[in-house]
Amino acid sequence: MTLPHLLEEEFDIVIAGGGTAAGVIAGRLSAAAPALRILLLETGPHTQEDLAHVQPARFLSHLRPDTTTVRHIAARQSEHLGGRQLVIQCGQCVGGGSSVNFAMYTRPPASDYDDWARLYKNPCWSFEQLLPLIRKVENYQNMPGEVRETHGHEGPLKVSYGGYSTQVGEDFIATVAQYDKPRIVVPDANTMVDDVNHYERWPKWIDEKTGRRADVPHHFVYNQMRRNPNLHLYVGCSVRRVIIEDGQAVGVEYTYNPRVRTADNVPRVARASRMVVVSAGTMGSPGILERSGIGAKSVLKRVDVEQIVDLPGVGENYSDHPAVFLPFHAKEGTVTLDGIVRDDPVEIQKWTPQWLSTGKGLMSSNGVDGCGKVRPTPQELQAIGPDFKDKWDSFYAGSDKPVVLIGSTAFYVGPNAPSPKSVCYTTANFLLYPSCVGSVHVTSGTDAGAPLDFDSGVLSATDDIALLRYYWKRCREIGRRMATFSGEHAPDFPKFAEGSAAGVAPLGSMTVPVDAPDLVYSEADDRAIDELLKSHVLCAWHAPREDGGVVDPRLNVYGVQGLKVADMSICPMNIGGNTYSTALTIGEKAAMIIGEEFGIEGM
């Protein structure tokens, strides 16, 4: 839908953002109350029927430097990363992360939501309260004919194994089943209860019948727009600020995003007669609030914004999932996504016809077919070392929370890409509850596209380093025991001293027997691993923000009437899973809350 030539329009609800939670809110409200005039303002482009979005295997194409569908955000240079600027990516297109993410179906433990309710005094956000909404959104296609208590079977978003099982994933599962004896392979490690130390063939947000990505825009927004003219979506529109009059949010001011449409620097206004919802994600929502005069006085003063509400928690306590990938060379003939990732026309042509005709083949896969939620045994705790003890005692002991997610990918991930003729896979670990925290604030009081003042906080905590070091070693042991193994990609491995027992295996190496002893690392080897972590650690592109006293349990921004925030930025603590599932739950919960307040039935 194109914008009319007006500088000011009026709607019932204006949603600042067009990502995962925003789309769920708009779609649910539009379906239940078609007369509501709802506007979604998305700063990125459309994704409708774009193969780069609906074909699951093409997700890594959005991480290229020239992308228009993802925003690359550079953090401050960090002493903890050897002076490196960590760059993270966040979805900036219709559907947000749901349109560009790995499509991994990794749900947090029930205790995460119970902590929201108990520790952070949000009684309506417990697992028991949220489970009906968690089930409502999904259609779990695995294990057909079997009703799974914590899975949904009638929702719009399909969950399956995809339409292709990679050899790498199968190899990973076979290897951990023999090598990682304290843990087991199960048919479902995403029940949200009793999932710790379980591996499984990993599910995906992919429709098993069509092979399409189970995203938000095609299931909540575009389909609703076809039958409801009162649901509006404007793309290429960056929200500058919320307009607040006499303590009431009455609309937003926005400008055109020059990356998507021709910019004219003309501020436009979308007025909201009933409510404004800020849903621009963890990297977007704090900035909208701060440019609106909501935040810490010191931050607002730096960018010449008059403070309206003193909420110093805005933009604070940023937390992501640090991740490390270990690239291995795969044996010749191993099928991976590397060619698709490179946009190799031969590979694209090889797999696209099958996907178009049957919804099967490599295009219907994300290449992540084996993972596990891991919590250390007493013996492993000893090996991790004393730096992790306080965190274990204060946070993990007595809980059911996993510490890391370990998995494999049937494609290369890293900064030193091998030859296009090479075939690679990785093993990887993701810290699920890191101690490191950072912040994200605006550098301009008027420009929504200005760089952010972003401190990632990554590797600033010694317990995080100890965990990443230990699980780097574990992932290496798994990777070199896989049948597809043919060596380690040296540029992305530590610079071990000559003669080290932990030296890098060259291309052409043989698979290590499953029962072979683990490598032994010296103190110098550990220091080399730590240096590698500084240069190679990534964030898993998941970004919740901890308790900062910004919204109440009904998502109302303190100090302003008619203004809510609904996205991952409202999470009072990090969650032990991929954030898509939680963002969907937040969207469903927000839609239900708004429906109750508007007196809408059938939500």
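Residues numbered from 1 in each chain as written. Predicted model: local features only at pLDDT ≥ 70, side-chain atom pairs only at ≥ 80, totals over all residues. Heavy atoms only, no water.

Novice: Quick one: what's the story with the side chain of D195, residue by residue and with numbers?
Specialist: Along the polypeptide, D195 turns up in the loop between β7 (184-185) and β8 (198-201). Taking relative accessible area as the criterion, D195 reaches 7% and is therefore assigned buried. In terms of polar contacts, D195 uses its side chain to reach the side chain of T191, at 2.7 Å. Setting aside its immediate chain neighbours within four residues, D195 contacts D188, A189, N190 and K373. (Helix = DSSP H or I, 4+ residues; strand = E, 2+ residues; numbered from the N terminus. Buried < 20%, exposed > 50% of the residue type's maximum accessible area, 1.4 Å probe, protein only. Polar contact = N/O pair within 3.5 Å; in protein donor to acceptor, adjacent residues only side chain to side chain. Contact = heavy atoms within 4.5 Å.)

Novice: Got a sec to walk through the packing of helix α14 (residues 462-481) against helix α15 (residues 523-536)? Specific residues and values, please.
Specialist: Closest axis-to-axis distance for the α14/α15 pair is 10 Å, and the angle between their directions is 105 degrees. By the angle class used here, α14 and α15 are roughly perpendicular. Across the interface between the two elements, I465, L468, R469, W472 and K473 of α14 pack against D526, I529, D530, L532 and L533 of α15. Taken together, the residues that form the contact of α14 with α15 break down as six nonpolar, no polar and four charged. (Axes fitted to C-alpha atoms, helices over the stretch in contact; angles between N-to-C directions. Parallel < 35°, antiparallel > 145°, perpendicular 65-115°, else oblique. Nonpolar A, V, L, I, M, F, W, Y, C, P; charged D, E, K, R; others polar.)

Novice: How would you sum up the packing of helix α5 (residues 127-136) against helix α16 (residues 579-598)? Please name residues and give values.
Specialist: In the contact formed by α5 and α16, the axes pass within 9 Å of each other and the chain directions differ by 110 degrees. Put simply, α5 runs roughly perpendicular to α16. The handedness of the crossing between α5 and α16 comes out as right-handed. Contacts between α5 and α16 pair L130, L133, I134 and K136 from the former with T585, E588, K589 and M592 from the latter. (Left-handed = near helix turned anticlockwise from the far one by under 90°.)

Novice: An account of empty space enclosed by the protein is needed here, citing residue identities and associated values.
Specialist: What the rule picks out here adds up to six cavities of 30 Å³ or more. Space inside the largest cavity adds up to approximately 60 Å³. Every residue lining the largest cavity is listed: Y105, R107, P108, Y113, I134, V137, E138, M192, W205, S581 and T585. Classifying every residue of the lining of the largest cavity gives seven nonpolar, two polar and two charged. (1 Å grid on protein atoms, 1.4 Å probe; cavity = no way out; pocket = protein on both sides within 12 Å on 5 of 7 lines; lining within 4 Å. Points joined across faces, edges and corners; volume = space filled by probe spheres on them.)

Novice: Summarise the sheet that holds strand β15 (residues 316-318); cite the residues concerned and give the values.
Specialist: Strands sit in the order β15-β20-β21 across an open sheet of three strands; the sheet is antiparallel. What marks the edges here is a single partner per strand, and that holds for β15 and β21 (453-455). Strand after strand, the sheet turns through a mean of 35 degrees between neighbouring axes, direction not considered. Pairing of strand β20 (residues 438-441) with β21 involves three bridges; the strand directions are antiparallel. Bridging from a neighbouring strand, H441 pairs with D453 of β21. (Pairing = 2+ DSSP bridges.)

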